[in-house]
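Okay, here's what each chain looks like letter by letter:
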Amino acid sequence: MTTKPFTCMLAALCAAGLYSNAVMAQTTAPQPPNPALSIYRATPQKVNDLVHTKLDVRFDYKKRFMYGKEWVTLKPHAYPTDTLRLDAKGMDIKTIAVVKGGVNKPLKFKYDSLSLAIQLDKTYQPDEQYQIYLDYTAKPDQLKVQGSAAINDAKGLYFINPDSAVKNKPVQIWTQGESESSSAWFPTIDKPNQKTTEEITMTVPGKYVTLSNGKLIQQKKNADGTRTDTWKMDLPHSPYLFMMAVGDFKIYHDKWRNTPVDYYLEPKYAPYAKDIFGFTPEVMEFYSKTLGVDYPWNKYAQIVVRDYVSGAMENTTATLHGEYVQATRRELLDADYDAGRSTIVHELFHQWFGDYVTTESWSNLTVNESFADFSETLWAEHKYGKDAGDAHIQQDRENYMRSPGASTKDLVRFHYNDKEDMFDAVTYQKGGSILYMLRNYLGNEVFYKGLSIYLKNNALKNGEAQQLRLALEQASGKDLNWFFNQWYYGSGHPLLQIDYKWDAATKTQTVYLQQTQPDKVFTLPMAIDIYAGGKKTRHQVWMRDRADTLTFRSDAQPDLVNVDADKMLLADKKDVKSMATLAFQYKNAPLYLDRKEALDAAAKSTDAEARRIVIAALKDKYYGLRIRAIRALKMDNDQVRAAAQPILVTLAQTDDNNQVRAAALNALAKLKAPGMMNLFKQSLGSQSYAIQAAALNGLVALNPTEGLAAARTFEKDNGGALTDALVGVYATAGNDAEWPFVNEKFNSLGTQEKFNNLRDYAAMVGRVKNPQYAQQGIATLKDLGVRFKPYGVQPYIVKMLTTIKDQRTQLNDAASATVADQAVAQLGPQ
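A few points on the structure. Note that the structure is predicted; figures quoted are calculated from it, not measured.

### A look at the side chain of S375
- Following the sequence through the fold, S375 ends up in helix α7 (residues 366-384).
- Sequence-distant contacts of S375, that is, excluding residues within four places in its chain, are made with Y287, Y337, V345, H346 and F349.

So, in structure tokens, the structure goes:
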């Protein structure tokens, strides 16, 4: 499961200034004790084991029902039993019977709308199989369930635009099983420590394509225009990994070795299937070789659906993606790794960690999600270089550290309010960062050998953190209890204060390390590099106490003492260094984070050395740091502007990364220098939407009338950042003629772009003359306030709506002012 929309939403709110420290403080304020947190969340007891699940389903698009017949084979796990409990949420149950010699013998049962308590026909012995038949109707839209931050809905089965009421929106059906929502569309023991083989038969309109787990073994056309497809999964997997999808999809057929690899996309995006997903076989090969376990299933498919409730889902052999991974070839020119590729590799890694070996309980979700999160960095460093991998894992660390309340939670948690709470920054980003440290400590070869042992020992079964520890200990010969107790079964991270002292008389360099967090003390193995006399010397040290004083002899005063030289520690470090030392670090220390630390410190300073660091970083080898340097420029300083402007012009014209070129153009646009007009006009002809957007911003800054005219020429062909720019330009400089375009595009933007443009959009809502347009905008703002109210956005939306009310009143638009006032009332007090 990928939760990127949630992570990106928080980033969007922060970027737009709508998720402030005050909001964060509000969300982390002391709360009354939660009784649910005192409950020990045991691994679900196995009374019966699933063996095989056979489904025959058809759909009622008008009612949004699914009619199902099920034959489920089970056996007692360890003790004789004459009862069976199945999870079945919000269904109509027509028949439950035991199948004997092909004959259905009805059974007695009780049903509370969430689970079935079935009285079997006799007492079955361990390993004695029996088959139950169920005839039922699933009614997902009538099910009252709650999702989570990661999965914002939990009704299991989704009908998308089934009545075709929304123009140009496809009709689709798809499922989402994690965490325990498969039981909303078929009765099962909906726990991750169950495994079952599977056969699903779907009867659908003949014009639609279907997808499910495993292999498509049969298709049959029916006289009524429908078609019946049968999919079969011969290897066992957990119920939450079952999936179905139905709709108008085009299939692109690829392969890895001799394994089919298929991509299912809406017809509009079918021409770009290879551009979006075509690197998948390469990743399958890399993961197979790295793990020492070949991709374990008989096919791999990826499908993109509308209105998905999370980022993506690793259904066995058939990953389901939200539409944000879809893009045209031009949009992909500007896409960075996090724009979709990291999701693709994340879900693929789950086919090993999550599907092949599955967490035995939600408490141990780390053995699924932390690995998938780590895999994003693994692929980034392999494909794009170490800087890219280091940048990705650093983003993980920062996301974890700024997540409210994350530092109070263990990675493996046996106490939580709800299982959905496990899908958080601790399980994902912190867990991935912990694995990154562990790989560094053990070494790559031994680490991957341990993962191979874990996968082979637990293949097609369940795992937990202790089994991972044992596998890594077997591979390394090292005791890892200290590491797992500290990072897996403990919470928080060290706050590390680092100070230095050089004694010229004794030629001794002293390093003072102090952990300032109020609770436990962490054991921290780390490398310290000392740069002196033109050479680098490495020291391996362990910090085991709250405060340590380390001394090193050196013939000359070091130019740099680089603590945590591998940049592996998951720690909030306060490293006290002079700007001269940081300048040396930027030029000589080899890693992304070495350079980022120096650049970030320089961005906060005004002295000459800091300016030189920022100017040097404009030519950094990693594009992300070039962009960071551009944004750090203080162009109101004459010396900075004189040094930076020619470099920015060169970057805007020749950099090999479109995002860097766009950032340079945006920086130049802020100068409002007439001499840049030709550069902006030339850049409007780029194939990159990001470059066009930045050029348009520059043109508007110099000549708003000409910029508005240029913007109109892009209405028929825009995407990505250019769409964002058009909305911004029209919202600030346009009038009623541009409102239909602005409103349509704003509502089609992703979360990040919506909040980036929110202020401009709200300003246009207050300014347009047509009351109908104003009321459309008010409704959009109110909906955003309701949707993102849990994240502290509501006060800002209320403030915008109040301003709009005043603006509409001044325009003598009493009707719209009333609508705005009603929206404020519906959102509640600030």
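Moving on, there is more to tell.
### Focus: the side chain of D390
- Mapped onto the fold, D390 is located in helix α8 (residues 386-401).
- Judged by relative accessible area, which is 8%, D390 ranks as buried.
- Engagement of the side chain of D390 in a polar contact is seen with the side chain of Y436, the distance being 2.6 Å.
- Those residues within four positions of D390 in sequence are excluded, and the remaining contacts are Y436, L591 and Y592.

### A short note on the sheet that holds strand β13 (residues 215-221)
- Here eight strands make up an open sheet; going across it, the order is β5-β4-β8-β2-β1-β11-β14-β13 and the pairing mixed. Two strands in the sheet have a free side with no partner beyond their single neighbour: β5 (103-106) and β13. Each neighbouring strand pair of the sheet contributes to a mean axis angle of 20°, computed without reference to strand direction.
- Note that strand β4 (residues 91-100) and β5 share four bridges and pair antiparallel. Paired with V98 across the strands is K105, a residue of β5.

### Focus on the environment of Y796
- Tracing the chain through its elements places Y796 in helix α27 (residues 794-810).
- Y796 sits eleven residues away from G785 along the chain, and the two C-alpha atoms are 8.4 Å apart.

### Here we look at the nonpolar core
- Grouped together as the largest cluster of nonpolar side chains are 87 residues, with contacts concentrated most on Y287 and Y488.
- When neighbours within four sequence positions are excluded, Y287 is seen to be in contact with V345, L348, F349, W352, S375, L378 and W379.
- Counting residues in hydrophobic clusters, the runner-up holds 66 residues, among them L50, M91, L107 and V309.

### A word on the sheet that holds strand β20 (residues 318-322)
- Spatially, five strands are ordered β16-β17-β18-β20-β19 in an open sheet, and the strand pairing comes out mixed. Both outer strands of the open sheet, β16 (250-256) and β19 (312-313), are each paired with one neighbouring strand and no more.
- Summarising the sheet, strand β18 (residues 300-305) and β20 pair through five bridges and their orientation is parallel. Across the sheet, residue V305 finds its bridge partner in β20, namely G322.
- Packing of helix α4 (residues 280-291) onto the sheet brings it into contact with β16, β17 (259-265) and β18, and relative to β16 it is tilted by some 35°.

### Regarding helix α20 (residues 689-702)
- Compared with an ideal rise of 1.5 Å per residue, which puts 14 residues at 20 Å, α20 spans 20 Å between its outermost C-alpha atoms and is within 8% of the ideal.
- Most of α20 sits inside the fold, with eleven of its 14 residues counted as buried.
- Within the sequence span of α20, burial applies to Y689, A690, I691, Q692, A693, A694, A695, L696, G698, L699 and V700.
- Buried positions along α20 lie against α5 (329-333), α18 (658-671), α19 (677-683), α21 (704-712) and α22 (720-733).

Calculation criteria
- Residues numbered from 1 in each chain as written.
- Predicted model: local features only at pLDDT ≥ 70, side-chain atom pairs only at ≥ 80, totals over all residues.
- Heavy atoms only, no water.
- Helix = DSSP H or I, 4+ residues; strand = E, 2+ residues; numbered from the N terminus.
- Contact = heavy atoms within 4.5 Å.
- Buried < 20%, exposed > 50% of the residue type's maximum accessible area, 1.4 Å probe, protein only.
- Polar contact = N/O pair within 3.5 Å; in protein donor to acceptor, adjacent residues only side chain to side chain.
- Pairing = 2+ DSSP bridges.
- Axes fitted to C-alpha atoms, helices over the stretch in contact; angles between N-to-C directions.
- Core = buried A, V, L, I, M, F, W, Y, C linked by side-chain atoms within 4.5 Å.
- Expected span 1.5 Å × (residues − 1).

Geometric descriptors of this kind do not, in isolation, establish any biological role.
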